[in-house]
Amino acid sequence: SSAAISTNIMAPSLKPPQQPQKDDQSYYCINAVDPWTYSQSQAKEIHTNMSVPQSQKSVHAASTYQSEQGHENFPMIVQKNEVQNMAHLSSPPGFTPLSIVSFGAADSIDTVVTPSPNSEVGNLFNQNFDHPLNNEQWQEVIHPSPNVDESENKESPESNKIRGASTHTIPAPNTNHFPQRKKAPRRRPSRTGIAPKLFKQLNSATNATELEQALEQLNEPIWNPKLIVLIMGRLRTFGRPERSIQIFEDAMERGIDNNIYMINACISACERLRRWEKALDLLEECKVRGLTPTIVTYNACISACEKVGQWQKALEILNKVKDPDVITYNAAISACEKGGQWERALQLLDEIKNRGLEPSIRSYNASISACEKCGHWRRALQLLSELKRRKLEPTVITYNACISACEKGGQWERALRLLNELRNDEIEPDIITFSAAISACEKGGQWEKALDLFSELRDKRKLEPDIILFNSVISACEKGGQWERALDLLDELKQYGLKPDVITYSAAISACEKGLRWTKALELLDEVKRKGRPDVITYNAAMSACEKCGEFGKALKLFQEVRNQNRSTIITYNVAISALEKMGHWQECIQLLEEATKEKKLKPNVITYCLMISGYEVREDTARARSMFDAAQNAGFFSHIWYAPDMIDLHELPASVAKIAVRTAIDKFRERRAATDTSMREILTLITGRGSHSEGGESVLKPVMTAMLNSTDFSDILEFREDEKNPGKIHLYFKSSD
């Protein structure tokens, strides 16, 4: 006789219950096509209506076993070679079928087996079907060989036992006592043993290619939904989510009823492929098909939205989940993190705690990363302290996010303290850890510490630096004026087999600019040109190197190259204007400014305004210089110089700009004084500095201000004197009118 596997996901329509027949030779059995399971109370109710000996009642035997094991609903299996015209019990009220495995009709019933929950077979039924099953388990359950000697089956009940199962021998049924059930039409002819053979091949496949070969050998479509779910899961595991979706769509075209597990598997594949819109379409399809989404469905959809930063959609789905778990919240927090919504991420973290759930380390990692991306380093460190109070163990991901937060906040000292804390916790730092710490040192001007960290990761930790890390170290040397070290690092990264990118070359050329090595800067620029097309940042660095070294002609030649490519930025124009101003071509400077702002629609930055103000001031065109200074203030620049309403801090201003700033402040005060007719004497305090940060220790601005105030423009109406306690301050007074 032939045996076939049939797996039913959707519950069949239930018939009205019928009164069981009382007959010593009749008993209730499991249907061979749709295996039923009964609750304990239903089985007992059936037993009270029967006078069948206990040993002959398969349902009662299962009920007794269920009661002993504490399982209210547990499957029973009818072995193969059983009945020719199998009859079945009508469904009791409220009954739900548990469709697992069943066999085709055979000759007679030998044994009804109730598997133990703790046995291999029992575990088989409790496992998620995505989990691979070994061949031995399947052979023990179904014995697929089509050529079975009938005498062997009838030789002894012991020969048909399943390991870990209890058996009850039952006489052949009197089928006259059972209502006959019409079998559902099959969709296709079945081959004996397809499922176990396929499962064996699926479990032995180690990659997507072997899995595809197993499917090709089948030579016929798969109709078993659980097999389809298993195959989709394996393909997803092997990095073939697109093939997983293809199998799902093929199943839909063949009319296979989708169950929630198939949809979950497809949504998970969409999540891997960042196809969030299709994932949400599948979620809506659940409603159309009358399927109830599970927590796995919602989690996969939120995760799909998280992958592409669709935080609004992720929160919309979260609001639909009746009882979200920590995994649900973690996906939503990650979505907010990627969308730059740090406040919402922290609100979700609080909601986890308010619901009585325990945040996981992933909850905190995502929240800290959200703070890091928005530059809130203080809040990130608070979360680190909080998770430790909750006895959670921070991971390298936790520390990386905190160090990166400090790096973005310019807190290089805190970043290094966190790195030491990570070492003390015996957590192995990775390349991301060192990259964030070195970047923090680079931004803080700590080139020596950056080189020390680089040596540690390379020599002590034996980590392979990547191009991003090399760029950070080279940039640190550039900011520290260490142009030779920067070039050594450029040669070293090539020895690692890494290819310098435009950021690498730009940092190296900028190092040459600070070291006044314009020839080396041009050599590097030519090297970039040979390997590809340099970007405008690389050109700007090379132009600046030439301009600072007095090679104005070469700087303007590079400017013309960028100009012809229509890739100029405001920095490009700034370098050209500076070169032309030093050459004495002031009118060309004015023309370039108009070209940049009016034709190219570029916004001037603070350097642009400083260049133009200085140019006008040097040429004693005070009116235009004042007008340019006012325009800069209207654009939001120079607001920091007003330390107080009657105090100006000139520290960071070029001398010519500082002179215009003081002239502007004095003129405005004159106007106010004339309008109020006040006799106020002290009007303004200038902070020029003592020269602590200047070469030679002498103040640059103080003599410039003194010379200006001694000029004929101010001597008749002003008196000024140095502060007695702080020589870096000058107080201005109106002369007494007495």
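Values in this document were obtained by computation on a predicted structure and should not be read as measured data.

1. Describing the overall build of the protein chain
Alright, step 1. A count of helical and extended segments in the protein chain gives 33 helices and eight strands.
Alright, step 2. Of all 738 residues assigned to the protein chain, the portion counted as buried reaches 49%.
Alright, step 3. Counted over contacts in the protein chain with a minimum sequence separation of 6, partners at least 24 positions apart contribute 68%.
Alright, step 4. When the accessible area of the protein chain is evaluated, it comes to approximately 36600 Å², of which 47% is carbon and sulfur surface.

2. Details of the nonpolar core
Alright, step 1. Counting residues in each nonpolar core, the largest one holds 170 residues, and the members touching the most others are Phe638, Leu650 and Leu686.
Alright, step 2. Excluding anything up to four places from it in sequence, phenylalanine 638 contacts Val606, Cys610, Ile613, Phe629, Ala632, Gln633, Leu653 and Val657.

3. Digging into helix 23 (residues 483-495)
Alright, step 1. In this model helix 23 runs 19 Å from its N-terminal to its C-terminal C-alpha over 13 residues, within 8% of the 18 Å that 1.5 Å per residue would give.
Alright, step 2. Taken together, the buried positions of helix 23 are Trp483, Ala486, Leu487, Leu489, Leu490, Glu492 and Leu493.
Alright, step 3. The inward-facing, buried residues of helix 23 abut helix 21 (447-460), helix 22 (467-479), helix 24 (502-514) and helix 25 (518-531).
Alright, step 4. Just downstream of helix 23, glycine 497 is the residue with a positive phi angle, here 80°.

4. Some remarks on the pattern of salt bridges
Alright, step 1. Inspection of the entire model under this criterion finds 42 salt bridges.
Alright, step 2. With a closest N to O distance of 3.9 Å, arginine 240 and glutamate 212 form a salt bridge. Of this pair, arginine 240 sits in the loop between helix 8 (225-237) and helix 9 (241-253) while glutamate 212 is found in helix 7 (residues 208-218), placing the two residues 28 residues apart along the sequence.
Alright, step 3. A relative accessible area of 27% means that arginine 240 is categorised as partly exposed.
Alright, step 4. A relative accessible area of 13% means that glutamate 212 is categorised as buried.
Alright, step 5. Across the salt bridge formed by glutamate 249 and lysine 278, the nearest N and O atoms sit 3.4 Å from each other. Of this pair, glutamate 249 sits in helix 9 while lysine 278 sits in helix 11 (residues 276-288); the two residues are 29 residues apart in sequence, bridging distant segments of the chain.
Alright, step 6. According to the relative accessible area criterion, lysine 278 is partly exposed, its value standing at 22%.
Alright, step 7. Several salt bridges share partner residues, and in doing so they unite Glu271, Glu306, Lys307, Glu337, Lys338, Glu372, Lys373 and Lys408 into one network.

5. A word on the environment of proline 534
Alright, step 1. Checked against the element boundaries, proline 534 lands in the loop between helix 25 and helix 26 (536-548).
Alright, step 2. Taking the relative accessible area as the measure of exposure, proline 534 reaches 3% and is therefore buried.
Alright, step 3. With 33 residues separating them along the chain, proline 534 and aspartate 501 place their C-alpha atoms 9.2 Å apart.
Alright, step 4. Filtering out sequence-adjacent residues up to four positions away, proline 534 remains in contact with Leu525, Val528, Lys529, Tyr539 and Arg567.

6. Some thoughts on the packing of aromatic side chains
Alright, step 1. Using the criterion set out here, one finds six aromatic pairs in the structure.
Alright, step 2. With 5.1 Å between their ring centres and 65° between their planes, phenylalanine 454 and phenylalanine 470 make a pair best called edge-to-face. Of this pair, phenylalanine 454 sits in helix 21 while phenylalanine 470 sits in helix 22; the two residues are 16 residues apart in sequence, bridging distant segments of the chain. No difference in accessibility class separates phenylalanine 454 from phenylalanine 470, as the two residues are buried.
Alright, step 3. With 5.2 Å between their ring centres and 85° between their planes, tryptophan 586 and tyrosine 616 make a pair best called edge-to-face. Of the two residues, tryptophan 586 sits in helix 29 (residues 586-599) while tyrosine 616 sits in helix 30 (residues 606-618), which places them 30 residues apart along the sequence.
Alright, step 4. Classification of tyrosine 616 by relative accessible area gives buried; the value is 9%.
Alright, step 5. Among the aromatic residues, those joined into a ring-pair cluster are Phe454, Phe470 and Tyr496.

7. Some words on the confidence of the model for the protein chain
Alright, step 1. For the protein chain, the mean per-residue pLDDT works out to 74, and 69% of the residues sit at or above 70.
Alright, step 2. Overall, residues 1-193 carries pLDDT values under 50, and its contacts beyond four positions in sequence, including any with other chains, amount to 332 contacts.

8. Quick look at helix 19 (residues 412-424)
Alright, step 1. For helix 19, spanning 13 residues, the distance from its first C-alpha to its last is 19 Å, which sits close to the expected 18 Å at 1.5 Å a residue.
Alright, step 2. Here the buried face of helix 19 lies against helix 17 (377-389), helix 18 (396-408), helix 20 (431-443) and helix 21.
Alright, step 3. Glutamate 426 occupies a position one or two residues after helix 19 and carries a positive phi of about 60°.

9. Focus on the packing of helix 17 against helix 18
Alright, step 1. Following both chains from N to C, one finds helix 17 and helix 18 inclined at 155°, their axes separated by 8 Å at the closest point. It follows from the interaxial angle that helix 17 and helix 18 lie roughly antiparallel. Crossing handedness for the pair helix 17 and helix 18: left-handed. On helix 18, the residues that touch Trp377, Ala380, Leu381, Leu384, Leu387 and Lys388 of helix 17 are Thr398, Tyr399, Cys402, Ala405 and Cys406.
Alright, step 2. Considered class by class, the residues forming the contact of helix 17 with helix 18 number nine nonpolar, one polar and one charged.

Procedures and definitions
Residues numbered from 1 in each chain as written. Predicted model: local features only at pLDDT ≥ 70, side-chain atom pairs only at ≥ 80, totals over all residues. Heavy atoms only, no water. Helix = DSSP H or I, 4+ residues; strand = E, 2+ residues; numbered from the N terminus. Buried < 20%, exposed > 50% of the residue type's maximum accessible area, 1.4 Å probe, protein only. Contact = heavy atoms within 4.5 Å. Areas by Shrake-Rupley, 256 points an atom, 1.4 Å probe, with all protein chains shown as cover. Core = buried A, V, L, I, M, F, W, Y, C linked by side-chain atoms within 4.5 Å. Expected span 1.5 Å × (residues − 1). Salt bridge = Lys/Arg side-chain N within 4 Å of Asp/Glu carboxyl O. Phe/Tyr/Trp six-rings, centres within 6.5 Å; stacked < 30°, edge-to-face > 60°. pLDDT = per-residue confidence, 0-100. Axes fitted to C-alpha atoms, helices over the stretch in contact; angles between N-to-C directions. Parallel < 35°, antiparallel > 145°, perpendicular 65-115°, else oblique. Left-handed = near helix turned anticlockwise from the far one by under 90°. Nonpolar A, V, L, I, M, F, W, Y, C, P; charged D, E, K, R; others polar.

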